[in-house]
Amino acid sequence: MVFFPHDRSGQTAVAALARGRILPNAYDLVAFALLGIAIALVVQGTVDMRGSLATLSTTPISLNFNHLPEYALRTTLRMFAGIIASLVFTFLVATLAAKSRRAGLVIIPALDILQSVPVLGFLTFTVTFFMALFPGRLLGAECASIFAIFTSQVWNMTFSFYQSLTSIPNDLDEVSRSFKLSAWQRFWRLEAPFAAPGLIWNTMMSMSGGWFFVVASEAITVGNTDIRLPGIGSYLALAIDEKNFTAIGYAVAVMAIIIVLYNQLLFRPIIAWADKFRVEQTASSQKPQSWVYDIIRHTRLMKRLTMPFCWLGQRLMLIRFYSAKQQINASQSSHTTKIIDYLWLALVFSGVIWGSWIAFDYLRQTLSWYDVWIAFSGGFVTLLRVIVLIAIASLIWVPIGVWVGLRPSLSQRIQPLAQFLAAFPANVLFPFVVIAIVATGANPNIWLSPLMVLGTQWYILFNVIAGAANFPTDLQEAATIYQIRSWTWWRRVMLPGIFPYYITGALTATGGSWNASIIAEVASWGSTKLEAFGLGAYIANATTAGDFRRVVLGIIVMAFFVTLFNRILWRPLYVFAERRVRLN
């Protein structure tokens, strides 16, 4: 284009072009409005969390509906704080366990044990720590609550990421090594994208898992310590104590609204974005949709403003901390490796012996072998409940999960409902269960048991949906061409494809069921209390009484049963999934 001294038509065209690319459009206005609202809510909620602990007594929890928006904001912020901490933990710990054989020898059994430790078990010891860390401040109680929510969210995310890292197709791994990518580059270019779909679905499940334990994490009762933080959990606990069905209905309705909002504003856009990470050679004809994701894609100014951050992120992912060649050479000294393995195992074994002696010396001061017998008897009964409930949940939710996961449009409609059902606190059902059992004279040992799997069965559903949604389209088309149907299709095609995902879901559902037994085996409605014999009831009663030694004994017995069951069943199936059932 030639510019003449007095001809401004070219300059006008350039200016118009610049305005078209930089000036905000309608999509920018919507995006910035949503972002501004989110920032304002976060600032408001975090400011409220930094007050004095004395405000809990001066402004007690109220069942007035006008307080619910504030309570909902506080609870939601705690949930997302727990999710952020869970993601950091997942990236660090799961990666270390998958990359280092020696670290995996310790981390995986430790995760088996930690996921079995109940939320009340963590609260028994962490409340005092956090309260002493921030004396007289509300932040101490907030940290204790967030940590409790974190312990109800993190384990299935960690197991999911670990399962994905150990089942990366061999051809993709070989390609990354042939390009001499460093471990850092391979993590961000191959491993994290490959694990993203499963991790996203487990993150959604973790949000729901946090809601399931929200009452225990906000209405904290440990011995003489009674803390009720402003939140939906404390609101529900007070409504149950006062037998207020109206307030319970308000809390459930607000909880449903929150779940729909963060599903539409956060998780649906992430699912639509992560669809590009599916491992397949043929593009799927149906893709996840999100109106928020579409708005972000059509923005102008927001893209320009975020471009420097995107560029910086890309540069950070390409940093080569050490070369793949050095990593390969460092792992070739077999003799030295064996010596280090023996020394490492000896160190771990010594630590286990030392920890066991410390626990034994602590417990034997006041407890007898009869207490041990009662705890183990309750543990065996709870184990039978867990086995039966997980088997029933698998038979129900595996077919449904496959059916939903293979249909992205259906998954988009069902996901919010599944999230709400997974988040539904068992405490809300206590009034109806207690009233029904008292009215019919039914056996609490049987009819309180379904409450254990009420929140944990969804781990199976969400992981199966993730596995079916990420099943390669080309393999589905091949099965259709060869007319593989009925049981052969399940046995040869779909079950092997979703097997690693199912194992992750069943493993975390088992641990979650043990955790939920503390809530499910002791149900109360006002002054009416029902109790089922089991380890969960044992720990719940000991926690309420402030009997720390019996709490420790119950946690040790629960960890023993969970670890033993995982080693006998789930861990061998995990190894089988890693070696035999993977997309090579």
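Residues numbered from 1 in each chain as written. Predicted model: local features only at pLDDT ≥ 70, side-chain atom pairs only at ≥ 80, totals over all residues. Heavy atoms only, no water.

**Structural notes on the overall build of the chain**
Assigned secondary structure in the chain consists of 26 helices and 4 strands. Counting over 584 residues, the chain shows a buried share of 48%. Of the contacts formed within the chain by residues at least 6 apart in sequence, a portion of 82% connects residues at least 24 apart. Total accessible area on the chain stands at roughly 28,500 Å², and carbon and sulfur atoms take up 68% of it. (Helix = DSSP H or I, 4+ residues; strand = E, 2+ residues; numbered from the N terminus. Buried < 20%, exposed > 50% of the residue type's maximum accessible area, 1.4 Å probe, protein only. Contact = heavy atoms within 4.5 Å. Areas by Shrake-Rupley, 256 points an atom, 1.4 Å probe, with all protein chains shown as cover.)

**A look at the packing of helix α4 (residues 68–99) against helix α12 (residues 245–274)**
Helix-helix packing: each pair is described by the crossing angle between the helix axes and the interaxial distance. In contact at an axis separation of 11 Å, α4 and α12 are set at 50 degrees when each is read in the N-to-C sense. As judged from the angle between their axes, α4 and α12 are oblique. Along this stretch, α4 crosses α12, giving a crossing that reads as right-handed. Of α12, the residues touching α4 (which contributes Leu-68, Ala-72, Thr-76 and Phe-80) are Tyr-250, Ala-251, Val-254, Ile-258, Tyr-262 and Leu-266. Across the contact of α4 with α12, the residue classes tally to 9 nonpolar, 1 polar and no charged. (Axes fitted to C-alpha atoms, helices over the stretch in contact; angles between N-to-C directions. Parallel < 35°, antiparallel > 145°, perpendicular 65-115°, else oblique. Left-handed = near helix turned anticlockwise from the far one by under 90°. Nonpolar A, V, L, I, M, F, W, Y, C, P; charged D, E, K, R; others polar.)

**Examining a nonpolar patch on the surface**
Where nonpolar side chains cluster on the molecular surface, the patch consists of Val-30, Leu-34, Ile-257, Leu-261, Leu-265, Leu-266 and Trp-291 and spans about 580 Å² of accessible area. Of all elements in the fold, only α2 (26–48) and α12 reach the threshold of two or more residues within the nonpolar patch. Ranked by residues supplied to the nonpolar patch, first place goes to α12 with 4 residues. On the secondary structure map, Leu-266 appears in helix α12. Its relative accessible area of 31% is what places Leu-266 among the partly exposed residues. (Patch = residues over 30% accessible without salt bridge, like charges linked within 9 Å, V, L, I, M, F, W, Y side chains within 5 Å. Salt bridge = Lys/Arg side-chain N within 4 Å of Asp/Glu carboxyl O.)

**A word on the packing of helix α17 (residues 369–405) against helix α24 (residues 486–520)**
At a minimum axis separation of 9 Å, α17 and α24 run at an interaxial angle of 140 degrees. Crossing of α17 over α24 shows right-handed handedness. Residues Gly-379, Thr-382, Leu-383, Val-386, Ile-390, Ser-394, Val-398, Pro-399 and Val-402 of α17 touch α24, and the partners they reach there are Trp-489, Trp-490, Met-494, Leu-495, Ile-498, Tyr-502, Ala-509, Thr-510, Ser-513, Trp-514 and Ser-517.

**Comments concerning α24**
Here α24 spans only 38 Å end to end across 35 residues, well under the 51 Å set by a 1.5 Å rise per residue. Bending of α24 peaks at approximately 55 degrees at the position of Phe-499, with proline Pro-500 no more than four residues after it. α24 sits mainly inside the fold: 25 of its 35 residues count as buried. (Expected span 1.5 Å × (residues − 1). Bend = angle between axes of the 7 residues up to and from the residue.)

**Some points on the confidence of the model for the chain**
Chain-level pLDDT for the chain is 79 on average; 85% of the residues reach the 70-or-more range. Confidence, read as mean pLDDT per element, is least for helix α15 (residues 324–330) in the chain (45) and greatest for α4 (91). Counted against residues more than four places away or in other chains, residues 1–7, with its pLDDT under 50, gives 3 contacts. Residue range residues 323–332 is modelled with pLDDT below 50. Its contacts to residues more than four positions away, or to other chains, number 9 contacts. (pLDDT = per-residue confidence, 0-100.)

**Some details on the nonpolar core**
Membership of the largest hydrophobic core comes to 120 residues, with the highest contact counts inside it found for Trp-211, Ile-232 and Ile-460. By residue number, the principal contributor to this core is α24, which donates 13 residues. Counting residues in each nonpolar core, the second largest holds 9 residues, with Val-127, Ala-141, Ala-144 and Ile-220 among its members. (Core = buried A, V, L, I, M, F, W, Y, C linked by side-chain atoms within 4.5 Å.)

**Considerations on the packing of aromatic side chains**
Applying the stated criterion across every chain yields a total of 23 aromatic pairs. When the ring of Phe-187 is compared with that of Trp-188, the centres are 4.9 Å apart and the planes differ by 85 degrees; the resulting orientation is edge-to-face. The exposure class assigned to Trp-188 is partly exposed, which follows from its relative accessible area of 27%. Ring geometry for Tyr-262 and Phe-267: centres 5.7 Å apart, planes at 80 degrees, overall edge-to-face. Across the pair, exposure class does not vary: Tyr-262 and Phe-267 are buried alike. Cluster of aromatic residues (ring-pair linked, three or more members): Phe-89, Phe-129, Phe-130, Phe-147, Phe-150 and Trp-155. (Phe/Tyr/Trp six-rings, centres within 6.5 Å; stacked < 30°, edge-to-face > 60°.)

**Description of the environment of Leu-199**
Along the polypeptide, Leu-199 turns up in helix α9 (residues 183–212). Between the alpha carbons of Leu-199 and Phe-159 there is a distance of 9.3 Å; along the sequence they are 40 residues apart. Non-local contacts of Leu-199, meaning those with residues more than four positions away in its chain, are made with Leu-87, Thr-90, Phe-91, Met-157, Ser-160 and Phe-161.

**A word on the pattern of salt bridges**
With the rule as written, the count across this model stands at 9 salt bridges. Asp-294 serves as the salt-bridge partner of Arg-297, at 3.9 Å between the closest nitrogen and oxygen. Taken together, the residues span about one helical turn, with Arg-297 and Asp-294 both in helix α13 (residues 291–297) at a distance of 3 residues. Here Glu-521 and Arg-385 are joined by a salt bridge, their closest N and O atoms 2.9 Å apart. Taken together, the positions of Glu-521 in the loop between α24 and β3 (522–525) and Arg-385 in helix α17 put the pair 136 residues apart, joining distant regions of the chain. The class of Arg-385 is buried, set by a relative accessible area of 9%.

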